[in-house]
Every structure is written in C-alpha cells, then in structure tokens.
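Chain residues, written in single-letter form:
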Amino acid sequence: MLDDLRELYQEVILDHSRNPRNFRHPGNANCEAHGHNPMCGDMLTIYLSLDEDGIIQDAAFEGKGCAIAVASASMMTQILPGKTVAQAEKLFSSFHDMCTKEDYEPFDTDDSNGEDEDAMERLQMLSGVRQFPIRVKCATLAWHTMKAAVAGDGECPLVPVSTE
Amino acid sequence: MLNKEKEEMTKATNVVEMTAGDNSMSAFDVERVRADFPILEQTVYGRPLVYLDNAASSQKPRQVINAMSEAYETYYSNVHRGLHNLSQRATDGFEAGREKIARFINAGSDDEIVFTRGATEAINLVAATYGRAFLGEGDEVIISHMEHHSNIVPWQMLRDEKGITLKVVPIDDDGNFLLDEYEKLLTPRTKLVAVTHISNALGTITPMADIVRLAHDRGALVLVDGCQALPHMKVDVRALDVDFYAFSSHKMYGPTGIGVLYGKSDILNTMPPYQGGGEMIASVSFEETTYKAAPHRFEAGTPAIVEAVGLGAAVDYLEALGMDNVAAHESGLLAYATQKLSAVPGLTINGQAKEKAGIIAFLMENAHAHDIGTIVDRAGVAVRAGHHCAQPVMDRFGVAATARASFGLYNTREEVDVLVEALAAVRELLG
Ligand SMILES: Cc1ncc(COP(=O)(O)O)c(C=O)c1O
C-alpha cells in the first residue's frame, strides 16, 4: 500500500509543503490571481512580476492547501523567474501531460531547450499524482492560477477544468 | 398490494426475525446486515472496502436494488395517466412509496409527502413557493451557523429577491446549537426558522423540540433539514410538530434522484405551485389553469417513479431492522470511534457536541485533510475530505477542510480499527 504513496509524498515534496519557498506577498507584483479548488477547499494566490518584455522576474504565492498543492506552488515559483510567459505556459502544458498521460515521454519535443528540460526534471517529482487522478487538480492548481494571472482573469476557480 | 412487493416485505420480515423479541444492541447482527449490501463485498487496492462516507451517500441493500429491477422488469410505465394495466401497477408502486414514507415519519396523511429530487430541491421548493408568496421586506428567516449550503443559499436568493433578513444562530466551540442565542434572535418579524436536525459537518444533533416550541411561541414556522437524521434515528414529524421536513433518499439507503418535502397539509395547500406542467394541474385552458391539491400541485412532470419504489423498499428495510436498533448500533460505534480516534497522536475532533450522531470530522497535525483522504483510501477506507458543503461552519472553526468518517448501519468496530491503522500510515508518511 505504501509504495505508490511514497512515490507521491517524496521527501522533496514534503519539504516544499512544510517549508514553502516564495511564500509571500511581493509589493511589486503586477499580475495576480486567486485559485480555488472547491472540491477540497484549497486556495492559492499567485503573484507575478512581469517586465516589459514579458519575462517573469519574480513569482510568489500565499494560501492554504494540501501537501501536493502547496509543494507544487512552491516549486513553480522557483522555476518561473527568468521565463517568458509563453515558456511558462508551455511548461504548464508539458507538466499537465506529465501528470495525466500514462505514455508521457519527457522532452521529446523538437523545440525543447535545455532550460525547460531542467524545469521538467524538477517537476518530475510530482509525477506520482498520475497514480492518483483525483489529485491532479491539486498539483496543477498553482499552474492554472498562474495562467489566469497572466491572462488578467484574477479568479481561477477550478470548476471549468473538467478534463482532469 | 403487488405480489412482488409482498415478496419484498417477506424478505424484509426475515430481517426482523433475527432480532425478534430482543431490541438490545447485541441482537443487531451487523454481519447479517452487511450481507444485504453487495457493494461491501469488494476489495479496493487489495484491501476490503471500509465505507465511512455515509453522510455523503449511503450504499444500497439488495432489497432496494431488487425492488427497482423488479419494477423495471415487470410493471414499469408512466403514472397517473394510462388506463392500462401497467400504468395502474406503476402508480400503485409509486404511491406505495409515498405511503411508506408517510408512515415512517408519522405524517398525518400521504398528502403531506411531496416528492422532490432531493433535500436540496425540497428546501428550494419552500423558498420559491412559501417564501416568495408569504415573505417580504423585513421579514426574518433564521438559520444556524452549521447549515449545509442547501439550507443557506436558497434563503440568500430570497433575501436578494424579496429583501428578507437572514439571521444566523451561533454555535459554541464544541458545535452545540446555542438555544439561548437563538431565543434572542426570535422577534415578531420572524416568519421561518430553517435548521438542520443533524449537522453533516460536525455531527451535532440540534435540540429540535425546543427550537420548534420557541419558534411556534412567536408564530414562526419551522423547516428542518433532516438529511442526516432520517437514516440514523427515529423521526416523528408530528411529535416534533415541525411544519416542513426535508430529506434525500440516497442518504437513507434508497436511490438517488428522489427526496421528500414533508409539509403540514394546511400549510402546503395555501402555497402556490412550484413548477408548471403536467401532473400538477386540475384543468388547463389558455385562459386559466387550476391546480391540484398538495402534494400533486408541487410535482410537475413525470416523477422519479422507480426511485419512489426503491425509497419505499429502503423504508421497509429500515423498519424491519428497527430504527432504535440502528441508532443503538451507531451510537456504540460513535463512542468506540471517538475514543479510538482521540487516542491518535496529533488528531483533534472537530465537533464534540453533547448530542451527536455517527459523524466524526477531524484534523491532524502536519496532514491536510485531502492528504489524509488519499492515504487512507489506499488502505481501502473511504472518508470524505473537504468543506462538506458547509463553508460557513468551517470558517467558524478556522479550517478550510476536515477529514470526516461517517457511519452507517453496516459499519463495524473492526472497520474503525482499520481507519485508525490507516491514520498511523498518515503519520508515518507525513510526519
Ligand atoms: C445536512 C444536509 N443537508 C442537505 C444536503 C443536500 O442533500 P442533497 O444533495 O441530496 O439534495 C446534505 C447532503 O449533502 C446534507 O448533508
């Protein structure tokens, strides 16, 4: 019983959930959104500082949630700085595939660059959710919210996301 | 009565024989009961299923499943319409469901039983008909701090539409309904008190007799959300003297898609219809339509026919076991589980009211409810994790989510032990 669970709750994840990185409200954030998973009551606010070239300078978050949601948000805020919005969205899409697709193959896209490979490798830690489909929303809440933040939507209730 | 129904009754009577002449808890043979629930025979992730999510929905005994298959296989058709044989039999089966419910809750007559889609629709029906017709600006509706969203939102919608005032009875840190505070909230403008009989988030049993007496003293009506009470204890709507009582079939071992609004007939018959359509009219012309009396006035369209048959079978099943036996079995389980869970390091129980039903909501140090839910699931244990559709009460306790074990008549002490063991794994994994 414990094997799949150990795969899900790896030390790295537990560390991020106990000591979340970038857990703060930065004064200079110019994009933010509130993400809510109504099923379990997880709530995250994601803050981003974008420069005029669309590069994410800083990412931070606040909120409450399960170990997976908090760890994922914490890891995301470490990964995003330095990426363009387009890169961030592309990472989300790969990460989403990693969490949901049994036959997901890492880094097989032609245009993948070294940096994203590195990010995906770190996100691999969360791939244990594949065995727990109901928890995919926990792992992706921060990313959905990041997307809402850059789109200027402000709110990201996970209700419309029915594919997971 | 239908032959098949007689057969079901005999089957149900067999259940009685096992407890014949003895109402003590030891006579409640839980293993015999479990054998009636096919779904409980399975394993999940290689572990025997331990189903502790009964407050969300309960499992169905073979007697209910069979009664419904029977209906589909032998006498299904539409009701109240055809002159043909099947329609007559389907109508009999459907109306027999109504009679059984009326008897089960001791309603004054079958006409006081309105079928709805569930408790949610039953409460909305009262808000949309009684509320819209009789409540206006400044009239007060009182609810409690531990209501399910389905007994909050309809009143807020009415507030926004009609300008009524919504007042909330506070609870204490153990989850007790504060009767004194409630009494202070009652005024001559209070028209309706809408409170739960048992809180699905805390397990609190509210002091319903006192709530009703105080409301009636001020001339207010009382609507009770009885969702969690019906499956767990004897409910007598006339002894309680409630005006409306709402509940869902699926939490009391019956099918989904059907529920009940009990209403005193003199009140129901003053209320305007709910939806318009077939079944609810006496006559229709383009100039004017006249409506049937309750309950049909509130049942527009083809109802949940076979579900009513299934609900009737669920009532037969519960009556055969005896609600007192069910209640005794579950309160034994509650006491055992409360003691066992309290001994788990780092665990706190949310909701320790003096009067409680078999619902235990809890929190654990270093473990979010959602993580608890996932981990115990791998041990075969189904619990609910979340806000239980009662966010205001969660906010009251400053928590976003709790894990909740809720017991049904087929649960055992051994299953509580499995839960406790699984919680040890939570601690092992999450520290
Ligand atoms: C106390 C309480 N009230 C109302 C409801 C709503 O019932 P339903 O969803 O069957 O309409 C529930 C079920 O979750 C409940 O537990």
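Residues numbered from 1 in each chain as written. Chains lettered and ligands numbered in written order. Predicted model: local features only at pLDDT ≥ 70, side-chain atom pairs only at ≥ 80, totals over all residues. Heavy atoms only, no water.

Caption draft 1: View of the environment of Glu-319 of chain B. Residues and elements named next belong to chain B. Examined against the element boundaries, Glu-319 turns out to sit in helix α11 (residues 305-321). It is 7.7 Å that separates the C-alpha atoms of Glu-319 and Phe-104, two residues lying 215 residues apart in sequence. For Glu-319, the residues in contact, after removing those within four places along its chain, are Arg-103 and Phe-104. Side-chain polar atoms of Glu-319 contact the side chain of Arg-103, separated by 2.9 Å. (Helix = DSSP H or I, 4+ residues; strand = E, 2+ residues; numbered from the N terminus. Contact = heavy atoms within 4.5 Å. Polar contact = N/O pair within 3.5 Å; in protein donor to acceptor, adjacent residues only side chain to side chain.)

Caption draft 2: The arrangement of helix α5 (residues 119-134) of chain B in detail. All names here are of chain B. An ideal rise of 1.5 Å per residue puts 22 Å on 16 residues; α5 measures up with 21 Å between its terminal C-alpha atoms. Buried residues of α5: Ala-119, Glu-121, Ala-122, Ile-123, Leu-125, Val-126, Ala-127, Thr-129, Tyr-130 and Gly-131, and no others. For α5, the secondary structure elements touched by its buried residues are β4 (113-116), α6 (153-162), β7 (190-196), β8 (221-225), β9 (244-248) and β10 (259-263). (Expected span 1.5 Å × (residues − 1). Buried < 20%, exposed > 50% of the residue type's maximum accessible area, 1.4 Å probe, protein only.)

Caption draft 3: Broad picture of the nonpolar core. Core analysis: the biggest nonpolar cluster contains 82 residues, and Ile-68 of chain A together with Leu-423 of chain B have the highest contact counts within it. Excluding anything up to four places from it in sequence, Ile-68 of chain A contacts Leu-8, Tyr-9, Ile-13, Leu-126, Val-129, Arg-135, Cys-138 and Ala-139 of chain A together with Asp-371 of chain B. (Core = buried A, V, L, I, M, F, W, Y, C linked by side-chain atoms within 4.5 Å.)

Caption draft 4: Highlighting the site of the ligand. All names here are of chain B. Neighbouring the ligand are Ala-119, Thr-120, His-148, Ser-150, Asn-200, Asp-225, Cys-227, Gln-228, Ser-248, His-250 and Lys-251. Between Ala-119 and the ligand, the recorded distance is 3.4 Å, taken from a backbone N or O atom to an oxygen atom. Coverage of the ligand by the protein amounts to 84% of the 390 Å² it exposes when considered alone. Of the residues assigned to the shell around the ligand, the class counts are 2 nonpolar, 7 polar and 2 charged. (Near = heavy atom within 4 Å. Areas by Shrake-Rupley, 256 points an atom, 1.4 Å probe, with all protein chains shown as cover. Nonpolar A, V, L, I, M, F, W, Y, C, P; charged D, E, K, R; others polar.)

Caption draft 5: Here's a closer look at the sheet that holds strand β14 (residues 359-364) of chain B. All names here are of chain B. Read from one edge of the open sheet, 4 strands run β13-β14-β17-β16, paired in antiparallel fashion. Strands with a single pairing partner mark the edges of an open sheet, and in this sheet they are β13 (347-350) and β16 (384-386). Across the sheet, the mean angle from the axis of one strand to that of its neighbour is 30°, orientation sign disregarded. Bridge analysis of β16 against strand β17 (residues 402-406) gives 3 bridges, and the strand direction is antiparallel. Counted as the bridge partner of Gly-386 is Thr-402 from β17. Against the sheet, helix α15 (residues 413-430) contacts β13, β14 and β17, and its axis sits at roughly 15° relative to β14. (Pairing = 2+ DSSP bridges. Axes fitted to C-alpha atoms, helices over the stretch in contact; angles between N-to-C directions.)

Caption draft 6: Highlighting the environment of Asp-236 of chain B. All names here are of chain B. Counting through the fold element by element, Asp-236 comes out in the loop between β8 and α9 (237-240). Residues Asp-236 and Phe-104 lie 132 residues apart in sequence; the distance between their C-alpha atoms is 7.9 Å. Looking at Asp-236, its side chain comes within polar contact range of the main-chain nitrogen of Ala-239, at 2.8 Å.

Caption draft 7: Structural detail: the domain arrangement of chain B. Residues and elements named next belong to chain B. Assigned domains within chain B: domain 1 (3-60 + 322-430) and domain 2 (67-319). With centres defined by C-alpha atoms, the gap from domain 1 to domain 2 works out at 26 Å. With both chains or domains summed, domain 1 and domain 2 bury close to 3600 Å², and 56% of this area falls on carbon and sulfur atoms. Note that Asp-173 and Arg-396 form a salt bridge whose closest N and O atoms lie 2.8 Å from each other. Along the contact surface separating domain 1 from domain 2 lie 28 residue pairs in polar contact (both at pLDDT 80 or more). Only α1 (3-17), α12 (323-342), β14 and α14 (391-396) provide two or more residues apiece to the side of domain 1 that touches domain 2. The greatest single-element share of the side of domain 1 that touches domain 2, amounting to 6 residues, is contributed by α1. Residue composition of the side of domain 1 that touches domain 2, by class: 22 nonpolar, 11 polar and 12 charged. (Domains from an automatic or database assignment. Buried area = accessible area lost by both parts, 1.4 Å probe. Salt bridge = Lys/Arg side-chain N within 4 Å of Asp/Glu carboxyl O.)

Caption draft 8: Representation of the side chain of Gln-228 of chain B. All names here are of chain B. Turning to its location among the elements, Gln-228 is positioned in the loop between β8 and α9. Judged by relative accessible area, which is 3%, Gln-228 ranks as buried. A polar contact of 2.9 Å, which involves the side chain of Gln-228, links it to the backbone oxygen of Ala-55.

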